[in-house]
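Results of the structural survey
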Amino acid sequence: MSTPAPRPSVLFVCVHNAGRSQMAAAFLTHLAGDKVEVRSAGSAPADTVNPAVVEAMKEVGVDISAETPKVLTVEAVQASDVVITMGCGDTCPVFPGKRYLDWQLDDPAGQGVASVRPIRDEIERRVRGLLTELDG
């Protein structure tokens, strides 16, 4: 019997882990199910996920109201195959053999739901593209 290939793991990083990285992680979890291990974290995590982000995700049927921002650890980076920073100039420990991507995205902090929607839609588009690559 062949051993199943290990599932790829993806880490989404932004400073507060309250908006972009939460949306990206939620979309990847929603679309990939258990085919991909998904993490998100921030170098200076906020106390709560941005309420406008929670509301914008609810509009597309993804509930992230129970999520809490998590602190970025070296272990999380080491355990991930792909590390995606969200255009926030975050410094991430770099390890050989990892794939690093930087997605330049507007920051939803302090924005209302109407301003978060286009960010959410762009994140979903990029996550779908990533998933296609991971499946490849």
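Residues numbered from 1 in each chain as written. Predicted model: local features only at pLDDT ≥ 70, side-chain atom pairs only at ≥ 80, totals over all residues. Heavy atoms only, no water.

1. Some thoughts on the environment of Ala-79
We apply this condition: For the purposes of this entry, the term helix denotes a DSSP run of H or I that reaches at least four residues, the term strand denotes a run of E that reaches at least two, and both are numbered from the N terminus. Should any heavy atoms of two residues lie within 4.5 Å, those residues are considered in contact.
In this structure, Ala-79 sits in the loop between helix 3 (74-78) and strand 3 (82-85). Spatially, the C-alpha atom of Ala-79 lies 28 Å from that of Asp-121, the residues being 42 residues apart in sequence. Sequence-distant contacts of Ala-79, that is, excluding residues within four places in its chain, are made with Ser-9 and Arg-39.

2. Brief notes about the pattern of salt bridges
Convention followed: Counted as salt bridges are all cases of a side-chain nitrogen of Lys or Arg within 4 Å of a carboxyl oxygen of Asp or Glu.
Summed over the entire model, instances satisfying the criterion amount to 12 salt bridges. A salt bridge links Glu-67 to Lys-70, with the nearest nitrogen and oxygen atoms 3.8 Å apart. The shortest N-O distance in the salt bridge between Glu-133 and Arg-99 comes to 2.6 Å. Here Arg-99 lies in strand 4 (residues 99-102) and Glu-133 lies in helix 4 (residues 113-135), a separation of 34 residues in the sequence. In this structure, a network of salt bridges that share partners links the residues Glu-59, Arg-117, Arg-120 and Asp-121.

3. Some details on helix 2 (residues 51-59)
Selection criterion: Per-residue accessibility, obtained with a 1.4 Å probe over protein chains only, is compared with the maximum for each type, and a residue is labelled buried under 20%, exposed over 50%, and partly exposed between these values. Polar contacts, as used here, are pairs of N or O atoms within 3.5 Å; protein pairs need one atom able to donate a hydrogen and one able to accept it. Residues neighboring in sequence count only if both atoms are side-chain atoms.
The set of residues buried in helix 2 consists of Ala-52, Val-53, Val-54, Ala-56 and Met-57. Tucked inside the fold, the buried residues of helix 2 contact helix 1 (20-32) and helix 4. The residue sitting at the N-terminus of helix 2 and contributing the capping side-chain oxygen is Asn-50; that oxygen lies 2.8 Å from the backbone nitrogen of Ala-52. Among the residues trailing helix 2, Gly-61 stands out with phi positive, at a value near 80°.

4. Focus on the sheet that holds strand 3
What counts is decided by this rule: Strand pairing is assigned whenever DSSP detects at least two bridges linking the two strands. Helix axes use the C-alpha atoms of the stretch in contact, all axes being lines fitted to C-alpha atoms, and the angles between their N-to-C directions lie in the range 0 to 180 degrees.
Spatial ordering of the open sheet is given by 2-1-3-4, a layout of four strands whose pairing is parallel. Where the open sheet ends on each side, the last strands, each with one partner, are strand 2 (37-41) and strand 4. In this sheet, neighbouring strand axes are inclined to one another by 20° on average, regardless of whether the strands run parallel or antiparallel. Pairing geometry for strand 1 (residues 9-13) and strand 2, over five bridges, is parallel. Among the inter-strand pairings, Ser-9 is bridged to a residue of strand 2, identified as Glu-37. Its contacts with the sheet place helix 1 against strand 1 and strand 2, and it is angled at close to 170° to strand 2. Packed onto the sheet, helix 4 meets strand 1, strand 3 and strand 4 and runs at close to 155° relative to strand 1.

5. A word on the nonpolar core
Note the cut-off: Working definition of a nonpolar core: buried Ala, Val, Leu, Ile, Met, Phe, Trp, Tyr and Cys residues. They are joined through side-chain atoms within 4.5 Å.
One finds Phe-12 and Leu-28 to be the most contacted residues of the largest nonpolar core, which totals 31 residues. Grouped together as the second largest cluster of nonpolar side chains are seven residues, Leu-11, Val-13, Ala-76 and Val-83 included.

6. Examining the environment of Ile-64
With respect to the secondary-structure elements, Ile-64 resides in the loop between helix 2 and helix 3. Remark: the alpha-carbon pair of Ile-64 and Pro-51, spanning 13 residues in sequence, is separated by 9.8 Å. Setting aside chain neighbours within four positions, we find Ile-64 in contact with Gln-22, Ala-26, Val-49, Val-53, Val-54 and Met-57.

7. What to know about the packing of helix 2 against helix 4
Angle between the axes and distance between the axes are the two parameters that describe a pair of packed helices. Let me state the cut-off plainly: Note on angle classes: values under 35 degrees are labelled roughly parallel, values over 145 roughly antiparallel, values of 65 to 115 roughly perpendicular, and the remainder oblique. Each crossing gets its handedness from the near helix: less than a right angle anticlockwise from the far helix is left-handed, clockwise is right-handed. Under the grouping applied here, Gly and all other residues not named as nonpolar or charged are polar, the nonpolar ones being Ala, Val, Leu, Ile, Met, Phe, Trp, Tyr, Cys and Pro and the charged ones Asp, Glu, Lys and Arg.
At a minimum axis distance of 9 Å, the contact between helix 2 and helix 4 shows a crossing angle of 60°. It follows from the interaxial angle that helix 2 and helix 4 lie oblique. For the pair helix 2 and helix 4, the crossing hand works out as right-handed. Where helix 2 abuts helix 4, its residues Ala-52, Val-53, Glu-55, Ala-56, Met-57 and Glu-59 lie against Val-113, Val-116, Arg-117 and Arg-120. In terms of residue class, the contact of helix 2 with helix 4 is built from six nonpolar, no polar and four charged.

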